[in-house]
Amino acid sequence: MFLLHSPKMASRRRFNEITREDETTEKEGTATEVPLESDDDDGESGAESFLTDDELAYQEGLDPAEDSDSEKDEEPGTSTAEQIGEPTASPEKASSSGEHKPSRSQSHSRTRSRSPLRERGVSTSRSRTRSRSPGQGCSVSRGWGRKRCPIRKWPKRCGPVTSWKTESDPDSCPSSIKFIPARPPGHQLNSNGTYTPLDLFKLFFSNDTAKTLCQNTNRQASKNNESKKYTWTDINVQEFFKYVGLTFFFALVKLNTIHDYWKRNTIFSVPFPANIMPRDRYRVISWNIHMSDPEKDAENDKKKGAPDYDRLFRLRPLMDTIKNACKAFYHPRQNLSVDEKVAATRTQVGLKRYMKGKQTKCGFKLFVLADSSNGYTFDFSVYTGKTLFSTGAGLAYDSVMALVKPAHLGSGFNLYVDNFYTSPKLFKDLLSLNIGACGSYRDNRNDCQGSISNDPRGSIRWIRDGPLLFVKWMDTREVTICSTIHSAYSGCTVNRRVKTPEGQWAVKSIPCPTPVVDYNKYMEGFDLSDQVIHYYSVHHKSMRWYGTLFYHFLDIAATNSYLLHKEICREKQEEPMTHRAFLEELTAQLCGVSVVIPPAKAQSSHLPVAICTQQDISRRASYGRKTCIHCRQTRKVGQSTPWKCKQCDVALCLIADRNCFEAWHS
């Protein structure tokens, strides 16, 4: 016979378990109340200032309907009989003894032993039964004779409660900061000068920089080649630039491996690299390329774990040169952007980072300050992990403040960032430096006031907290923007394809906040920079971790050179070269050749042959001679010759001091 477990049987079994748990709890005594931890939060998320008291408490795990008023704890020592609802003393006697008579609702509620989470003040489940008694507010009973939960203090708000506003509410635009750049925006070169692609590239990779690289590479090669595994001859500046030129050639002409560029006797052979440098020589230079002094590298390695240890010491000579050149020959315009770039690598090194939100997920992380108008890389820094000199405000704050330096830039700039960097502290500190900021921010709070997730497309909500403007806009999903330089809404609209009630697609104009319009416009500058670099990137695998960043520095130098070329041509009202044409010309000039190769002459059948094939050796020199037609026409003399042109069938002189054959055919 099968026994079915009915709900009544399960409830009875559960009742017995709860009773036993309560008896055990009564023997052990009343649980000790644990004081609450401080709810103070030094950080600022960007919107705490407009959450109500109830919302702040709800985020801390409190239920306003449950713990709103103060409650008094009961005296310990109630019996088990009292907990399960048996008769007790009279109310007066109970009052004198300090005990509390449970109400009717309490006598029919369940009880549970206090869990570790509940002892720490964390709510784990909803209450079963609630009863209100006069003078005690809202008390919660979770069992027969159950002790009331200790009093919980609600976090107090500072300042008035602010509500979200719509696009119809007027917003006062913040006072604009006067744009005063430290130098005239644009390139800092001679406008009347003529600059070839090689001249622009050598602004970043000068002859002195190449000479330093050659010296360090020769020292590193002599150190690595102590076992004589390969033949090494010292590299000079001219050969170094040929090596760089071949590296750009490989970026323009894509093949699977380096070996394929020196493949011979196939229809897929590429003859150019072999004419510039042997394959083994290129590989040996790639193995030994070094940017710092190897002897000083050993001294720096001994400092590992010390505060003065430099993790980027092997990059420092070239990296500092590139950064100084980027800032020296160009000054950005008013709108700037900061974002990360990733130099892909699989090298097992501590500097490598994993970023799931990026297209290139594993590699070296660089923070880049770029001009939003054209994508010019003005400054950058390589992330090395936590440092001893951090301000304590977070990585995003430190990386932006390290790149934005008013002494080099000036004042009145507008900085655009993504949601990784946006914080009220950063925006306020930038504003104190006379630099405005705008960026998307992360809005992951639950049930926050003024959520527009159910509002129609195009709905705008905004709130202003001093200089900070927070805007929420409903597009296909909710967009959140924070700004110190914009008003909430200035009448801007965008076109979106929507489906009509009839099921037809139509273009509809919906309102769009002003910060969103400018954010989409000026953050594209950084995306443009990243896009241009990846079109013809010289990146390829390297045996050394710093080799990957060496190739990335080549990309930065070549891209900035091309952007300078465009600036100069725009100033002269000339048509600039395309990016590919610029790199082709740069590759040819680095290798010392011309892009245009003169066409090879077709094989000619005009060959000198003997007029008469005389077998007798004694008669071969004088037999069958004829008068040279070129001598008769030009010199007016009859000069005999034993030679003639096979194709033209005319006699022509062919001697050391008189070559009528060449003169006739030219």
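Model, not experiment: these values are computed from the prediction.

Across its full length, the protein holds 22 helices and 23 strands. Counting every position in the protein, which comprises 666 residues, the buried fraction comes to 40%. Long-range contacts, defined as pairs at least 24 residues apart, comprise 67% of the intrachain contacts of the protein with a sequence gap of at least 6. Of the roughly 38000 Å² of accessible surface on the protein, 51% is carried by carbon and sulfur atoms.

As a further point, take the confidence of the model for the protein. For the protein, per-residue confidence averages 75 on the pLDDT scale, and residues scoring 70 or more make up 71% of the total. Low pLDDT, under 50, characterises residues 445-450; the predicted model gives this stretch 18 contacts beyond four residues in sequence or across chains.

Below, the discussion takes up the packing of aromatic side chains. Counting across every chain of the model gives 25 aromatic pairs. Look at Tyr 416 and Tyr 522: their rings are 5.2 Å apart centre to centre, the planes differ by 35°, and that puts the pair in the tilted class. Here Tyr 416 is found in strand β11 (residues 414-417), whereas its partner Tyr 522 is found in helix α17 (residues 514-522), with 106 residues between them in sequence. For Tyr 522, a relative accessible area of 18% translates into the label buried. An aromatic cluster of at least three residues, connected via ring pairs, comprises Tyr 243, Phe 249, Phe 250, Tyr 261, Trp 262, Phe 272 and Tyr 282. Taking NZ or CZ as reference, Lys 202 lies 4.8 Å from the ring centre of Phe 241, over its face. The residue whose ring lies beneath Lys 323 is Phe 380, and the NZ or CZ to ring-centre distance is 5.9 Å.

Following the criterion strictly, the structure yields zero disulfides and no others. Free of any disulfide, Cys 512 has its nearest cysteine sulfur in Cys 492, 6.9 Å distant. When its relative accessible area of 2% is taken as the criterion, Cys 512 is described as buried.

A few words on the pairing of strand β9 (residues 377-382). Here β9 lies mainly inside the structure; five of its six residues are buried. Two elements, strand β8 (residues 362-371) and β9, share five bridges in a ladder whose sense is antiparallel. When the sheet's bridge partners are listed, Leu 369 is paired in β9 with Asp 379. Counting the residues between successive antiparallel strands, the hairpin from β8 to β9 contains five residues, one of them, Gly 375, with a positive phi of roughly 85°.

This part is about the environment of Asp 518. Mapped onto the fold, Asp 518 is located in helix α17. In this structure the C-alpha to C-alpha distance between Asp 518 and Asn 335, which are 183 residues apart in sequence, comes to 9.9 Å. Other than its neighbours up to four places away in sequence, Asp 518 contacts Tyr 416 and His 486.

Now for the side chain of Thr 377. By secondary structure assignment, the location of Thr 377 is in strand β9. According to the relative accessible area criterion, Thr 377 is buried, its value standing at 2%. Among residues more than four places away in sequence, those in contact with Thr 377 are Cys 326, Lys 341, Val 368, Leu 369, Ser 529, Ile 556 and Asn 560.

Let's shift gears to the packing of helix α9 (residues 237-252) against helix α20 (residues 579-591). Running from N to C, α9 and α20 cross one another at 150°; their axes reach a closest spacing of 8 Å. For the element pair α9 / α20, the angle class is roughly antiparallel. Seen from above, α9 lies across α20 with left-handed handedness. Across the interface between the two elements, Phe 241, Lys 242, Val 244, Gly 245, Leu 246, Phe 248, Phe 249 and Leu 252 of α9 pack against Arg 580, Leu 583, Glu 584, Leu 586, Thr 587, Leu 590 and Cys 591 of α20. Each residue belonging to the contact of α9 with α20 can be placed in one class, and the counts come to 10 nonpolar, two polar and three charged.

What follows concerns the pairing of strand β13 (residues 460-465). Inspection of the sheet shows β13 paired to strand β14 (residues 468-474) by six bridges, in the antiparallel sense. Of the residues in β14, the one forming a bridge with Ile 460 is Trp 473. Between the end of β13 and the start of β14, which pair antiparallel, lie two residues, with Gly 466 showing a positive phi angle near 70°.

Here the focus is unusual backbone geometry. One non-glycine residue, Asn 265, lies in positive phi territory at about 60°. Mapping Asn 265 onto the fold places it in the loop between α9 and α10 (271-276). Take Asn 265: its relative accessible area is 81%, and that puts it in the exposed class. For Gln 573, which is not glycine, the phi torsion reads 60° and is therefore positive. Secondary-structure assignment places Gln 573 in the loop between α19 (545-571) and α20. Here Gln 573 falls in the exposed class, since its relative accessible area comes to 75%.

What follows deals with the pattern of salt bridges. Taken as a whole and judged by the stated rule, the model has 17 salt bridges. A salt bridge links Arg 464 to Asp 171; its shortest N-O distance comes to 3.0 Å. Of this pair, Arg 464 sits in strand β13 while Asp 171 sits in the loop between β2 (138-141) and β3 (180-181), and the two are 293 residues apart along the sequence. For the salt bridge of Lys 425 with Asp 429, the shortest nitrogen-to-oxygen distance reads 3.5 Å. Of the two residues, Lys 425 and Asp 429 both sit in helix α16 (residues 424-432), four residues apart, roughly one turn of that helix. You can call Lys 425 partly exposed: its relative accessible area is 40%. Members of the salt-bridge network, linked through shared partners, are Asp 297, Asp 301 and Arg 314.

For the rest of this paragraph, the subject is the nonpolar core. Phe 205, Phe 240, Ile 322 and Phe 550 are the most contacted members of the largest nonpolar core, which totals 71 residues. If one sorts the elements of this core by residue count, α19 sits on top with 14 residues. Not counting the four nearest positions on each side in its chain, Phe 205 is found in contact with Leu 213, Phe 240, Phe 241, Leu 318, Ile 322, Phe 550, Phe 553, Leu 554 and Ala 557. One finds Val 404, Phe 413, Ala 437 and Tyr 441 within the second-largest nonpolar core, a separate group that totals 27 residues.

This part takes up helix α8 (residues 207-224). Residue pairs spaced three or four apart in an α-helix point in one direction, given the helix's 3.6 residues per turn. Counted at 1.5 Å a residue, the expected span for α8 with its 18 residues is 26 Å, and the 25 Å between its end C-alpha atoms agrees. Within the sequence span of α8, burial applies to Thr 209, Ala 210, Leu 213, Cys 214, Asn 216, Thr 217, Asn 218, Gln 220 and Ala 221. Along its buried surface, α8 packs onto α9, α11 (279-288), α12 (294-301), α13 (316-328) and α19.

Analysis parameters
Residues numbered from 1 in each chain as written. Predicted model: local features only at pLDDT ≥ 70, side-chain atom pairs only at ≥ 80, totals over all residues. Heavy atoms only, no water. Helix = DSSP H or I, 4+ residues; strand = E, 2+ residues; numbered from the N terminus. Buried < 20%, exposed > 50% of the residue type's maximum accessible area, 1.4 Å probe, protein only. Contact = heavy atoms within 4.5 Å. Areas by Shrake-Rupley, 256 points an atom, 1.4 Å probe, with all protein chains shown as cover. pLDDT = per-residue confidence, 0-100. Phe/Tyr/Trp six-rings, centres within 6.5 Å; stacked < 30°, edge-to-face > 60°. Lys NZ or Arg CZ within 6 Å of the ring centre and 35° of its normal. Disulfide = S-S within 2.5 Å. Pairing = 2+ DSSP bridges. Axes fitted to C-alpha atoms, helices over the stretch in contact; angles between N-to-C directions. Parallel < 35°, antiparallel > 145°, perpendicular 65-115°, else oblique. Left-handed = near helix turned anticlockwise from the far one by under 90°. Nonpolar A, V, L, I, M, F, W, Y, C, P; charged D, E, K, R; others polar. Salt bridge = Lys/Arg side-chain N within 4 Å of Asp/Glu carboxyl O. Core = buried A, V, L, I, M, F, W, Y, C linked by side-chain atoms within 4.5 Å. Expected span 1.5 Å × (residues − 1).

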